[in-house]
Structures are given as C-alpha cells and as structure tokens.
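# Coordinates in review
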Amino acid sequence: MTRRHPELPSTHLMGTGTPMCAGCGGLEAIHEIYDILGSNTVFVNAAGCMTLLSVYPFTPFRGSWLYTAMACAPAGAQGIRDALDVLLEKERIQPDEDLQVVVLTGDGSAYGMGLSATSCAIGRNLDFIYVCYDNEGYGNTGQQYSQATPHAARTATSRGVSGFQGYKKDLFSIWAAHRPAYIATVTGADPLDLARKIKKAKGLRGPRLIIALSPCPTGWNYDPSLTVEIGRLAVKTGIWPLKEYMDGKVVHTRMPGRRPAVEEYLRLQGRFDHLFRPERNEKILAEIQAGIDAYWEEVQDRST
Amino acid sequence: MHKLLTGNRAAAWGARLSGVEYIPAFPITPQTEIIETLAAWIEAGEMQGRFVQLESEHSMVTAAGAGAATGVRVFTATSSQGLLYAMEMIYSVAGWRVPFVLVNVSRGLSAPITLEPDHNDVMAARDTGFLQLHCSTCQEVLDSVIMAYRLSEDMRIRLPVIVNLDGFYLSFTREPVAVPEPEQIRRFLPEFDPGEIYFRASMPESQAVAVLGGSTYSYFRYETHLAATNGIAVYDEISREFARETGRAYHVVEEYRCADAEYLFVMLGSFATKAIEAVDRLRDAGKAAGLLRPRLFRPFPVEALRRACAGKKGLAVIDQNLSMGRGGILHTELTSVLYGEPDMPPVAASFIGGLGGRDISLEEMFEIMDVVIQAAEQGRRLEPRLLYTERELRQIKSLQAVARAERHTLGEGK
Ligand SMILES: Cc1ncc(C[n+]2csc(CCOP(=O)(O)OP(=O)(O)O)c2C)c(N)n1
Ligand code: SF4
Ligand SMILES: [Mg+2]
C-alpha cells in the first residue's frame, strides 16, 4: 500500500488507458493538476500530444473538454467563459453549474503560435487557468525544436553536433509582464509543490498561468522509468526553478541548497548525448552551468 | 418602422432583433460599421448582449464557436482577409456543429490588396460546412440575418451560417429598410434552444474531440454534409413563415422574369440588381431575357436551378470571383448540376466581372446577352470571357508607361 501525503488527494480523478507514451511527464503533471482542480472544469485544448487524451468516443476526464486548434485555445476559453457568464447573468443556469475554464496546451502553442491569443486573453483579464505542459519541443509531430527547447538539445530539426542553437524563451517573465493574477512553474516530480500552487490558483480569479516542466521519454530520448528522476534533477540542479508570481512579486518556492552540476540532469537524456560522447563538450556544458549559476546568484542577490 | 439604413446597419439591426447574446468581434473594412454599431447599442443600453473584441479573426471565430457550444446565441462579422485568417476555425466550428451567424461583407482578396468588393472571400468558405445566404439589398440583409438564425439553429441542421453582402455597393449604400417589430421577430425566432449543446457542471461533455481512422472521420463529415443538404427543405419552411410574419418572401433562388424568358443572366449578390435593369431594357428591345439569382449558395439549390434553367436557350453566368486556372465558380457549380439533365440550355457561357469593385455596366450586360443569343442561334459554344474594356487596358498601359518613365528619370537624376 502506498501512503499519500496529507496535503495530496487520496484518489485520482483522471481515468487511465490514454494513448500517451509510457512515462509521459506531461500526463503525470495533468493527473496531479486534475486531482486538485476537480471535475467542475472544462479543458480547452490546443493541438499537441494531449489532444489524444479525448478520442471519440472516450475521455479520461470526469469533466468537460473542447478541442480548438493550435493557435487559439485561449480564445476558446474566452468564448466559454463569456457564454457561461451570460447564462449566469440571465439565470439560465444556476451558479453550481458554473465551470472553471482551463486551457491546456503544449509549449509549442504557449511559447509560439498561441502567444498572441494568450497575451490578449490576459489583457482582457479573462478568468481562466492556463496549463502549459512543457516538453520543450513539438512533441506530437516528432520533437522538432520550439521556442521552449533548451540550448544544445538535439531535436528532429536540430540534429547537428551542437544541437539547438537558440535558447529557451523566458515565458514566465513574458507572462509576468502582463501582471496576471497568478503564475507558477511546477513539475510532476514535485507533487506537493504542484498541489499547493494549483490550490492557490484555484482560489483566485483572473488569468492564472501554470508551466509544468514535462519530461518526455520519447522526445528527450531516455528510458521511461527515469521520468520522475529527471524531473527531480531539473529542480535540484536549478535548471527548472520552482517559483510563483503574485501581486507583482516573484517568489521561489524551492531554494535548491547545494546544487548538483547540471550534467547530472543532462547526461540522463539522449538529447544531450552529444555533449558527453564521443568526447565531452566542455564549452557548452560550462555555458549551460554558468547560465544556471547566474540565475541563482541573481535570485540570491535580490533576496538579500 | 422604416429607416434609411446602410447594408452594414441593416446587418446590425438583424442581429439586434435576433436577440443575440454574445458578439466576439474584430475590425476590418468594409465590415467595421457593423461591430461599431452593435458595440454602441450595447454601451448605450439599447441592446442587451456581451461584446468582446478579440485579437484576430482566428480567435474571434474560435470564441464564437465556443460561445455557441456553451449554449448562447452568437453573432459575428468579418470580411476578406479576416475570413481567410479565420479559415482554420471556419472549418473547425462547422465541424463542431454549433449554430451561429457570421455576416461577411465581401471584399476582394490580396494580392494586390484592395478594399473593394468581389466574392472570392466568401467562395473560399464554400466547402466548410457553413451555409451561405447571398443578399442583394439592404432589406434582404436585415431579413436574412434573422432567417439565418432559424436555419442555423434548426435541429435538422445545426450549422453556422454566413450571410453575405457586397462591400461598398451594399455595406455603405443607404436604402429604405422596413425594420420589423421586435414582437414579430420573437414570434418567428424564439429564444435559442441549445438542445444537446452545452458545457455544464452537472452534465460533463466533450466536444470537438479527435477521431482515429477514416471511418469515424467520414461518418462525421457525411453527417455534416447531410445536415447542410437539409437546408433546402428547412429554408423553404422558414421562408414561408417569414413571409407570413413580415409579408416579404425570399425563395432559395430569386427569379426575375424567368418564366417566359429564353435567356438568363445568372448572378449572385447586389450586382444582380443591375441585371434587373438590363433585363427590363432587353425586354423593351424584344429580347426574352430574365435573371436567376441564387440566394442560398450552400446548400446549393440544385432542383430550383434545374427547374428554372429547363427549356432555356442560353445562360450568361456572371461570376464576381475567379478560381485561378479554372474560371468562375458559380459557372462551374451551375453547369455541373445541369449536365445530363433533359432539356437543359445548350449554351451556358461564363463571364468574369466585378472583381475588386470593378463595375459591370449596362452596355456590358447588353453585349453579354447579345453574344449568348448569337452563340445559341448559331449552335456555337463560347469560351469564358474576362470582362475588360479596351479603354481600361489603354489606361493601365499608360499608367505603366508613366511609371517606367518616372523610374527612368529618377535613375538619371541620381
Ligand atoms: C496550424 C497547425 N500547424 C501545425 C500543426 C501540427 N501540429 C500538431 S501538434 C504540433 C506540435 C505542438 O507542440 P506543443 O504545443 O509543444 O505540444 P506537444 O506536441 O509537444 O504536446 C504541431 C506542430 C497543427 N495541428 N496546426
Ligand atoms: S511524446 Fe512526450 S509529451 Fe508526447 S505523449 Fe509521448 S512522452 Fe508525452
Ligand atoms: Mg511540446
């Protein structure tokens, strides 16, 4: 028998038997998020891996679902929220029929094609939760690089010796510049931190945005059994800071004490293999480490 | 109550009288006046409803579809580039099988970019699952928006509907319009009954989910097609009811002096009002001309068109659109439903005109009719024609010459 933490729900809401890959970190995060959000939700989904959660005529959700397209899930959320408000105002539905509107997209949508729709939904102060499962690439189409792909990662469209030339975009800060009600980064490998943040988000109104780092065995090229380990290492090494934004302030919810070298995280993933084999690419490894160190130094400076 | 209304304001009145509850919007010429009018009415408290301006037509159509999928009556409007920008979602929301009305104010497509009208924009939505009503007067615009809700929400259909009007020629032209009394319209168009369409806490629902495999996909696509096809019979019921309520009758196809005509113009939209004048003048000159104007373009009123064309000697189909490498779309559609039918006109000639707001003059209409009559009498077939006068060609050539000369002078002066 497994023991559950008192702050975590004791049962899972979401059904099993989805066609996601074994060890899918995105599914792990959505499971945990759904447990907290509950079934009075309508997910508004954009094209990506999770689109295949609901395949006619089955769904793993106890609540509702609308698939839109890759660019426009926040606009779908706008339509549902507005319509529910109209129905509530006119008393055509009772308040207990209301739903939490939740956008669910990958990073491809969130960091790129859907960013205009997201920015403007926040600008309209839409009352919704945005969940981005970030697997750092266009997973559904075979893991081409996206604006969320980290520097040096090999993807289907960056197969060269040094991998992806660009740098992961700072979506958290872009979102924060809009001054929404709430933003948090989470990962399924830290369910307690995730649960606290989703609970907090659930209790607020307005635009609330969650980015879940979602280790992806298929796209990142590692054994599915390592998903939780990789998620934990992402937090421990400091490459995935767990933080939240509220009332204009950013707070780190986990301060990694002694951070292990980022290689610990990188070396488990085939997409970074070329940094270690046939020989170590010291330059890139040092650059990635330096980026993380600089980030945490700045955090330290700001908090002292 | 009679008012002098532009086509745009007539469309806005149609939405207002239909009791629309939700209006996602985005500006584009020549449609903008519609959404500005609605926004102003809502702000002034003259009209109930929620107005929200989105960041694009892609988002606007998504919000419209999602609003309808939640169970409210939705209205939206666009033109041209906007309709095309939304195209992914135009297909999608039709597949969601949600009813709402979108007014398209026709405008030519880029490139070259223009503000003036033709029908290539609305033709791009031809295969999407949206039904299409094409209007030729401001009165018809107002009435069609109201009728479109009945059509769209009918349980046998459940598809969004485009009401099309021509930019400038209708959108900005004032005509006297009879504005029906709200009670009249409430009788004709009761409150939206969402039926099986909702998002509610007590009734979880998944909409627009993915399918795996061609069989399931085909099932839903066929369902949509069959529902659209139901539109003909449903339209007939609705238009009879509308005529009883308002005294104005609109058939799937407008026939002007067709019964005893030997030759027909076939056209869509407001330019058909020019053909009415041409028909009268041709009749005065002893030529048996008539006009056939499909109002319903999707579903395509196959039987009504066959009936109207049977026994005629020739058709002059004037398209305000151009399918590059093929020709006029109305011509293609019409001839495909006539092919193989008994007693069909031996000549069905295609003319392209009115692109980007280019006028079609009465003289051109007479000329068109003359060549069709000649071809029929001589038993010849006619190649498709692109309407353009020698004078226009001379003007373009001289503009080009001026531009070349200017460039040359500038080049020398550097
Ligand atoms: C307009 C459009 N362009 C391209 C696609 C193809 N496509 C489907 S899913 C996908 C990747 C989405 O990436 P992301 O948002 O990161 O989700 P993931 O696949 O990683 O779950 C792409 C490119 C599409 N569905 N729609
Ligand atoms: S490709 Fe990655 S994100 Fe997509 S289902 Fe598989 S493991 Fe999950
Ligand atoms: Mg992705």
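Thresholds applied
Residues numbered from 1 in each chain as written. Chains lettered and ligands numbered in written order. Predicted model: local features only at pLDDT ≥ 70, side-chain atom pairs only at ≥ 80, totals over all residues. Heavy atoms only, no water. Axes fitted to C-alpha atoms, helices over the stretch in contact; angles between N-to-C directions. Helix = DSSP H or I, 4+ residues; strand = E, 2+ residues; numbered from the N terminus. Parallel < 35°, antiparallel > 145°, perpendicular 65-115°, else oblique. Left-handed = near helix turned anticlockwise from the far one by under 90°. Contact = heavy atoms within 4.5 Å. Nonpolar A, V, L, I, M, F, W, Y, C, P; charged D, E, K, R; others polar. Near = heavy atom within 4 Å. Core = buried A, V, L, I, M, F, W, Y, C linked by side-chain atoms within 4.5 Å. Buried < 20%, exposed > 50% of the residue type's maximum accessible area, 1.4 Å probe, protein only. Polar contact = N/O pair within 3.5 Å; in protein donor to acceptor, adjacent residues only side chain to side chain. Areas by Shrake-Rupley, 256 points an atom, 1.4 Å probe, with all protein chains shown as cover. Phe/Tyr/Trp six-rings, centres within 6.5 Å; stacked < 30°, edge-to-face > 60°. Lys NZ or Arg CZ within 6 Å of the ring centre and 35° of its normal. Salt bridge = Lys/Arg side-chain N within 4 Å of Asp/Glu carboxyl O. Buried area = accessible area lost by both parts, 1.4 Å probe. Domains from an automatic or database assignment.

This part takes up the packing of helix α1 (residues 25-37) of chain A against helix α6 (residues 191-202) of chain A. All names here are of chain A. At a minimum axis distance of 9 Å, the contact between α1 and α6 shows a crossing angle of 45°. With respect to α6, the axis of α1 lies oblique. Relative to α6, α1 is oriented so that their crossing is right-handed. Packed against α1, whose contacting residues are A29, E32, I33, I36 and L37, the element α6 presents P191, L194, A195, I198, K199 and K202 at the interface. Residues of the contact of α1 with α6, tallied by class, amount to 8 nonpolar, no polar and 3 charged.

Here the focus is the site of ligand 2. The local shell around ligand 2 consists of A:M20, A:C21, A:C24, A:C49, A:N135, A:C216, A:P217 and A:T218. Tallied by class, the residues present in the shell around ligand 2 amount to 6 nonpolar, 2 polar and no charged.

Let us now look at the nonpolar core. One finds A:I80, A:W175, A:Y265, A:L266, A:L275, B:I90 and B:F100 to be the most contacted residues of the largest nonpolar core, which totals 90 residues. The element best represented in this core is helix α2 (residues 73-89) of chain A, accounting for 8 residues. If near-sequence neighbours (up to four positions away) are discounted, B:I90 is found in contact with B:V61, B:L83, B:L102, B:A125, B:T128 and B:F130. B:F75, B:F188, B:F242 and B:A261 belong to the second largest nonpolar core, which has 73 residues in total.

Taken together, 17 residues surround ligand 1, and among them A:C49, A:G108, A:Y133, A:G139 and A:N140 come closest. Chains contributing residues near ligand 1 are chains A and B. Interatomic distance of 2.8 Å between a backbone N/O atom of A:C49 and an oxygen atom of ligand 1. In this structure, A:D107 approaches ligand 1 through a side-chain N or O atom, which is 3.1 Å from an oxygen atom. Contact with the protein chains removes 76% of the 580 Å² of surface that ligand 1 exposes when unbound. When residues in the shell around ligand 1 are grouped by element, the largest group, 4 residues, is from helix α3 (residues 107-113) of chain A.

Moving on, we come to the environment of B:I90. Residue and element names in this part refer to chain B. Locating I90 in the fold gives a position in helix α5 (residues 87-96). For I90, a relative accessible area of 0% corresponds to the buried category. Taking C-alpha positions, I90 is 9.8 Å from E57, a pair spaced 33 residues apart along the chain.

The next thing to look at is the packing of aromatic side chains. All names here are of chain A. Applying the stated criterion to the full structure yields 18 aromatic pairs over all chains. The interplanar angle of 80° and the centroid separation of 5.2 Å between the aromatic rings of Y295 and W296 together place this pair among those described as edge-to-face. Ring-pair connections join several aromatic residues into one group, and the members of that group are Y34, F43, F61 and W65. The ring of F172 has K243 lying over it, and the distance from NZ or CZ to the ring centre is 4.4 Å. Positioned above the aromatic ring of W220, the side-chain terminus of R271 is 3.8 Å from the ring centre.

Right, let's talk about the pattern of salt bridges for a bit. Here the structure, examined in full by the defined rule, presents 47 salt bridges over all chains. Of the charged contacts in the structure, one is a salt bridge between B:E277 and B:R281, with a shortest N-O distance of 3.5 Å. Taken together, the residues span about one helical turn, with B:E277 and B:R281 both in helix α11 (residues 272-284) at a distance of 4 residues. The exposure class assigned to B:E277 is partly exposed, which follows from its relative accessible area of 41%. Residues B:R298 and B:E333 are paired through a salt bridge, measuring 2.8 Å at the closest nitrogen-oxygen approach. Taken as a pair, B:R298 in strand β13 (residues 296-298) and B:E333 in helix α13 (residues 329-338) lie far apart in primary sequence, 35 residues in all. We classify B:R298 as buried; its relative accessible area is 17%. Salt bridges here are not isolated pairs; linked through shared partners, they connect A:R81, A:D82, A:D85, A:E89, A:D98 and B:R50.

Once that is clear, we can look at the interface of chain A and chain B. Contacts between the two partners involve 41 residues from chain A and, on the opposite side, 37 residues from chain B. Each partner contributes to the roughly 3,100 Å² buried at the junction of chain A and chain B, and carbon and sulfur atoms together form 63% of this total. Among the residues chain A hides against chain B, the three largest losses belong to A:Y56, A:R92 and A:E97. Together they make up 17% of the total. Run the count over chain A and chain B and you get 6 salt bridges.

Residue and element names in this part refer to chain B. Along its sequence, chain B is carved into domain 1 (2-195 + 205-246) and domain 2 (254-388). Here the C-alpha centre of domain 2 lies 27 Å away from the C-alpha centre of domain 1. The interface of domain 1 with domain 2 comprises 28 residues on the first partner and 26 residues on the second. Taken together, the two surfaces of domain 1 and domain 2 that pack against each other cover about 2,200 Å², and 55% of this comes from carbon and sulfur. Joining domain 1 to domain 2, the criterion identifies 3 salt bridges. Among the salt bridges present, the one from R293 reaches E140, with a minimum N-O distance of 3.0 Å. Linking domain 1 with domain 2 are 18 residue pairs in polar contact (both at pLDDT 80 or more), by the criterion used here. A per-class count over the side of domain 1 that touches domain 2 returns 13 nonpolar, 9 polar and 6 charged.

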